[in-house]
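Geometric and topological summary
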Amino acid sequence: LTGVLDDCLCDIESIDDFNTFKIFPKIQKLQERDYFRYYKVNLKRPCPFWADDGHCSIKDCHVELCPESKIPVGIKAGSSNKYSKAANNSKELEDCEQANKLGAVNSTLSNQSKEAFIDWARYDDSQDHFCELDDERSPDAQYVDLLLNPERYTGYKGPSAWRVWNSIYEENCFKPRSVYRPLNPLAPSRGGLEFDGLFSWTGLCLEKRVFYKLISGLHASINLHLCANYLLEETWGKPRWGPNVKEFTRRFDPIETKGEGPRRLKNLYFLYLIELRALSKVAPYFERSVVDLYTGNGHEDAKSKALLLDIFRDTKSFHMHFDEKSMFAGDKKGAKSLKEEFRLHFKNISRIMDCVGCDKCRLWGKLQTQGLGTALKILFSEKEIQSLPENSPSKGFQLTRQEIVALVNAFGRLSTSIRELQNFKILLQQTR
């Protein structure tokens, strides 16, 4: 892969160098810090689109949940929107605020009416979200230590996995007219109509092209992780994980994929650029003194924030960012309608992640989708971020701790994908 990417003015070689020498080592360290390693997720939410077809019974599909005793006290104490030191200092203050919110309306309200007000507030908060967020107060939402549950090949495949990706591409994605995708092998053959040797963007505007590339790039990144962390052998209970060149070739080789593999990898680079741009745009939000990455350990929290701000400095120094202002730049009414369509399509995709039958795949699918959704939320909130107050929380733009953790880890996964791609290039040269 070489040269300039479509729909932006950035070349692959520049991204490779920037990621290898600046981003990758720092983002790896950041992901190991307590604030970013614990992610609260509900893996029991039912699939909203079709009857559950059973969960993966392979042992590598299992997710090791984290006992409450292991979670840093500052993370446990915070609610979804409050992650700074000040917000965690007083539980009484929080209870009082909640009582005032409900009591100020009418002290004679029925419980049903009070619930309605909470639902309305939740609805208002969700209007800028590109993802269906898990309710962290649900008894089914539990903490997971991401370092103890690495994303890798679990053996989850077949009709269940096909159904998820087909639903994403065929029902929820703006698609080029001719793009080869291997469909469910159990479904009736569609003959020679799947691929005609041409890749046509006819009828797709920039915004819809971007949407397709983001989903394709996410898919490519996930496939790269599975190829790079593959179960190579298991002897006497000691599994050996590592890169599988044969699997990588099957998924990305131009001949094996009828020319589609290299395009998938280019879409991975495009997705990296989008999330990189979001990180550079959200920096002012975190540069404020009012925001702490609070776990309860002041010294460690300060180190985490310093490392995050260092990464932001690197992202802002990159000189070939994607220009998001080129999107939704038409007439106001049409642009608003297209943006809402864009948001709802992506929100639907985030809901499809609850249909993944393998718990570990579901965990990483939800996290990476939420990370991308958070990046989109940032890119579409530039004015709100620029007008943030220095010493108080903002009502115009907020990030929950879950969104912050997902944003950093999702970008960390993309950084790892591009690094792994370099390793596969070397391995392929050695096998020739």
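Residues numbered from 1 in each chain as written. Predicted model: local features only at pLDDT ≥ 70, side-chain atom pairs only at ≥ 80, totals over all residues. Heavy atoms only, no water.

The name an unreviewed UniProt entry gives the protein chain is ERO1B protein, with Cepphus grylle as the organism. The record held by UniProt for the protein chain lists under Sequence similarities (unreviewed entry) the comment "Belongs to the EROs family." On record in UniProt, under Subcellular location (unreviewed entry), the comment for the protein chain is "Endoplasmic reticulum membrane". (UniProt positions renumbered as here; feature names shortened; annotations may be inferred.)

Regarding the confidence of the model for the protein chain
Do not read the predicted coordinates in detail wherever pLDDT is low. Summarising the model, the protein chain shows a mean pLDDT of 80, and 78% of its residues fall at 70 or more. Contacts of residues 116-126 to residues separated by more than four positions or lying in other chains number seven contacts, the stretch itself having pLDDT below 50. (pLDDT = per-residue confidence, 0-100. Contact = heavy atoms within 4.5 Å.)

Brief notes about the packing of aromatic side chains
Counted according to the given criterion, the structure contains 15 aromatic pairs. An angle of 55° between the planes, with centres 6.2 Å apart, marks the rings of Tyr-169 and Tyr-212 as tilted. Here Tyr-169, found in helix 7 (residues 159-172), pairs with Tyr-212, found in helix 8 (residues 206-228); they are 43 residues apart in sequence, far enough to count as distant. Taken together, the ring pairs in this structure connect Phe-211, Phe-342, Phe-346 and Phe-380 into an aromatic cluster. The lysine or arginine in question, Arg-401, covers the ring of Tyr-35, its NZ or CZ lying 5.0 Å from the ring centre. Here the basic side chain of Arg-413 rests over the ring of Trp-364, its NZ or CZ set 5.5 Å away from the ring centre. (Phe/Tyr/Trp six-rings, centres within 6.5 Å; stacked < 30°, edge-to-face > 60°. Helix = DSSP H or I, 4+ residues; strand = E, 2+ residues; numbered from the N terminus. Lys NZ or Arg CZ within 6 Å of the ring centre and 35° of its normal.)

Quick notes on the state of the cysteines
All chains considered together, the criterion is met by one disulfide. Here Cys-10 is not disulfide-linked; the sulfur of Cys-8 is the nearest cysteine sulfur, at 6.0 Å. (Disulfide = S-S within 2.5 Å.)

Quick notes on unusual backbone geometry
Non-glycine residue Asp-7 carries a positive phi angle of around 65°. By secondary structure assignment, the location of Asp-7 is in the segment before helix 1 (12-31). Unusually for a residue other than glycine, Lys-258 sits at a positive phi of about 55°. Positionally, Lys-258 belongs in the loop between helix 9 (245-252) and helix 10 (260-287). You can call Lys-258 partly exposed: its relative accessible area is 45%. (Buried < 20%, exposed > 50% of the residue type's maximum accessible area, 1.4 Å probe, protein only.)

A look at the UniProt feature "active site" (unreviewed entry) in the protein chain
On the UniProt side, "active site" (unreviewed entry) is annotated at positions that read Cys-358 and Cys-361 here. With respect to the helices and strands, the residue Cys-358 is situated in the loop between helix 12 (332-352) and helix 13 (359-379). By the element assignment, Cys-361 lies in helix 13. The contacts of Cys-361, once residues within four sequence positions are left out, are Thr-154, Tyr-156 and Val-356.

A look at the UniProt feature "binding site: FAD" (unreviewed entry) in the protein chain
Within this numbering scheme, the UniProt entry marks Arg-152, Thr-154, Trp-165, Ser-216, His-219 and Arg-251 as carrying the feature "binding site: FAD" (unreviewed entry). For Thr-154, the contacting residues outside a window of four places in its chain are Ile-58, Asp-60, Cys-61, Cys-358, Lys-360 and Cys-361. Within the element layout of this structure, Ser-216 appears in helix 8. Those residues in contact with Ser-216, other than ones at most four positions away along the chain, are Tyr-169, Arg-264 and Asn-267.

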